[in-house]
Amino acid sequence: MASMSSKRLQKELTKIQGTLPPGITLVSAPDLREWVMDISIIDNPIYPPNETYRMRFSFSPSYPIEAPEVVFVVLAAPERKIPIHPHIYSNGIICLDLLDSQGWSPVHNVESVCISIQSMLAGNTKAERPPGDAEFVRSNRQRPRDINFLYHDPKV
């Protein structure tokens, strides 16, 4: 019998294989554990219009009760960089309350997460990394979902 997670992910996959909002693309979903999505940012001079960013979604058996783990990944060909943003570390970890256990709700889905991240980038006014980026990247050994970020910067 299929689990709640599998049923939900299969339903989401069927939907996003159809139509997605502009700038969001499903790259691959070889199974129901990990998906790859590309996003581009429209109308923000910080992000070149021809640049695309790759995200990896990892789903636990507890999805959608538990948020997916979402990180940006670097790729050589086609070139994909980590977008610069005050809430995105240079190793691809995203500081976004939606991805935290306190901010997540099962009403969210892969598409809504992509839209939220795309919106966060589109509204960015600072071409900078989070404070302490180098130290965080060097010393962090936790999975993104296990990090307790403090969400305190509503201006970004």
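The following refers to the structure shown.

Calculation criteria
- Residues numbered from 1 in each chain as written.
- Predicted model: local features only at pLDDT ≥ 70, side-chain atom pairs only at ≥ 80, totals over all residues.
- Heavy atoms only, no water.
- Helix = DSSP H or I, 4+ residues; strand = E, 2+ residues; numbered from the N terminus.
- Expected span 1.5 Å × (residues − 1).
- Contact = heavy atoms within 4.5 Å.
- Salt bridge = Lys/Arg side-chain N within 4 Å of Asp/Glu carboxyl O.
- Pairing = 2+ DSSP bridges.
- Axes fitted to C-alpha atoms, helices over the stretch in contact; angles between N-to-C directions.
- Buried < 20%, exposed > 50% of the residue type's maximum accessible area, 1.4 Å probe, protein only.
- Phe/Tyr/Trp six-rings, centres within 6.5 Å; stacked < 30°, edge-to-face > 60°.

Some thoughts on helix 1 (residues 4-16)
In this model, helix 1 (13 residues) spans 18 Å end to end at C-alpha, consistent with the 18 Å of a helix rising 1.5 Å per residue. Check the buried side of helix 1 and you find it contacts strand 1 (24-28), strand 2 (34-40) and helix 2 (110-122).

Here's the deal with the pattern of salt bridges
As enumerated under the stated definition, the model contains 7 salt bridges in all. Here the salt bridges share partners, and the residues they tie into one network are Asp38, Arg54 and Arg80.

Quick notes on the sheet that holds strand 3 (residues 52-58)
Read across the open sheet, the 4 strands follow the order 1-2-3-4; overall the sheet is antiparallel. With one partner strand each, in any of the chains shown, strand 1 and strand 4 (69-73) form the two edges of the open sheet. On average, each strand axis in the sheet is inclined to that of its neighbour by 30 degrees, with strand direction left out of account. Both strand 3 and strand 4 contribute to a ladder of 5 bridges, which runs antiparallel. Residue pairing for strand 4: Arg54 is matched across the bridge by Val73. Lying on the sheet, helix 1 is in contact with strand 1 and strand 2; it crosses strand 2 at an angle near 35 degrees. Contacts from helix 2 reach strand 1, strand 2, strand 3 and strand 4 within the one sheet, and its direction differs from that of strand 2 by about 35 degrees.

Notes on the pairing of strand 1
Residues in a regular strand point their side chains to alternate faces of the sheet. As defined by bridge partners, strand 1 adjoins strand 2 across 4 bridges and the pair is classed as antiparallel. The residue of strand 2 that forms the bridge with Ile24 is Ile39. Between strand 1 and the antiparallel strand that follows it, strand 2, lie 5 residues.

Side note on the pairing of strand 3
Among the 7 residues of strand 3, 5 are classified as buried, and the element is accordingly described as predominantly covered. Of the pairings in the sheet, the one linking strand 2 to strand 3 comprises 7 bridges and is antiparallel in character. What sits directly across from Glu34, in strand 3, is Ser58.

With respect to the packing of aromatic side chains
Going through the model one piece at a time under the given rule, you end up with 6 aromatic pairs. Seen from their ring centres, Phe59 and Tyr63 are 5.0 Å apart, and the 65 degrees between their planes marks the pair as edge-to-face. Classification of Phe59 by relative accessible area gives buried; the value is 5%. In textbook terms, an aromatic cluster arises when at least three aromatic residues are bridged by ring pairs, as seen for Trp35, Phe57, Phe59, Tyr63 and Trp104.

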